[in-house]
Amino acid sequence: MHDDQAIRMQTALGLLSDRYLEIADRATTEVGKARAMQIRKAGNDIRHTLITGQIPAYLMTDAELDALAPDTAELVDEPPTQ
């Protein structure tokens, strides 16, 4: 991936993370709030990956990561900070 493509992808993923967090913040019902927790976690996972370059290990295996993006990111066993 070229640098400009990587920057555009990072920007798009950052905006997606922001959108997920905004959606989660609008939940009003109990069912909506339960779903919002999952949406917020996804947004935080994206943000964590963009900031650290590390993918939480519960999202994919080492083999999947190596097949998709060798030498570009690493898995970590610690959860992202909220």
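Because the structure is predicted, anything quoted here is derived from the model rather than measured.

Basis of the calculations
Residues numbered from 1 in each chain as written. Predicted model: local features only at pLDDT ≥ 70, side-chain atom pairs only at ≥ 80, totals over all residues. Heavy atoms only, no water. Helix = DSSP H or I, 4+ residues; strand = E, 2+ residues; numbered from the N terminus. Contact = heavy atoms within 4.5 Å. Areas by Shrake-Rupley, 256 points an atom, 1.4 Å probe, with all protein chains shown as cover. Patch = residues over 30% accessible without salt bridge, like charges linked within 9 Å, V, L, I, M, F, W, Y side chains within 5 Å. Salt bridge = Lys/Arg side-chain N within 4 Å of Asp/Glu carboxyl O. Lys, Arg positive; Asp, Glu negative; His and termini not counted. Charge placed at Lys NZ, Arg CZ, Asp CG, Glu CD. Buried < 20%, exposed > 50% of the residue type's maximum accessible area, 1.4 Å probe, protein only. Polar contact = N/O pair within 3.5 Å; in protein donor to acceptor, adjacent residues only side chain to side chain. pLDDT = per-residue confidence, 0-100.

### So, the overall build of the protein
Phase 1: The secondary structure content of the protein amounts to three helices and two strands.
Phase 2: Counted from the first residue to the last, the protein has its helices and strands arranged as α-α-β-α-β.
Phase 3: Considering only contacts in the protein between residues 6 or more positions apart, those separated by 24 or more positions represent 28%.
Phase 4: Accessible surface, the protein as shown: approximately 6,100 Å² in total, 57% of it carbon and sulfur.

### Some details on a negative patch on the surface
Phase 1: On the surface, D62, D66, D71 and D77 cluster together into a negatively charged patch.
Phase 2: Note that D66 resides in helix α3 (residues 62–68).

### What to know about the environment of T29
Phase 1: Within the secondary structure, T29 is located in the loop between α1 (3–25) and α2 (30–52).
Phase 2: With relative accessibility at 47%, the residue T29 sits in the partly exposed group.
Phase 3: Within polar-contact distance, the side chain of T29 engages the backbone nitrogen of G32 at 2.9 Å.

### Observations regarding the confidence of the model for the protein
Phase 1: Here the protein averages 84 in pLDDT, and 88% of its residues register 70 or above.
Phase 2: Within the protein, the element-level pLDDT minimum falls on strand β2 (residues 74–76), averaging 68, and the maximum on α2, averaging 92.

### What about the pattern of salt bridges?
When their charged atoms lie close together, side chains carrying opposite charge are able to pair.
Phase 1: Tallying each qualifying case throughout the model produces three salt bridges.
Phase 2: Note that R8 is salt-bridged to D4, the shortest N-O span being 3.5 Å. Placement of the pair is R8 and D4 together in helix α1, with a separation of four residues, close to one helical turn.
Phase 3: When the shortest N-O distance is used, the salt bridge between R40 and D25 registers 2.9 Å. Of the two residues, R40 sits in helix α2 while D25 sits in helix α1, which places them 15 residues apart along the sequence.
Phase 4: The exposure class assigned to D25 is exposed, which follows from its relative accessible area of 56%.

### Some points on the environment of R47
Phase 1: With respect to the helices and strands, the residue R47 is situated in helix α2.
Phase 2: Owing to a relative accessible area of 26%, R47 belongs among the partly exposed residues under this scheme.
Phase 3: Through-space distance from the C-alpha of R47 to that of L15 is 9.5 Å; in sequence the pair is 32 residues apart.
Phase 4: Every residue in contact with R47, bar those within four places of it in the chain, is listed here: G14, S17 and D18.
Phase 5: From its side chain, R47 meets the backbone oxygen of G14 in a polar contact 3.1 Å long.

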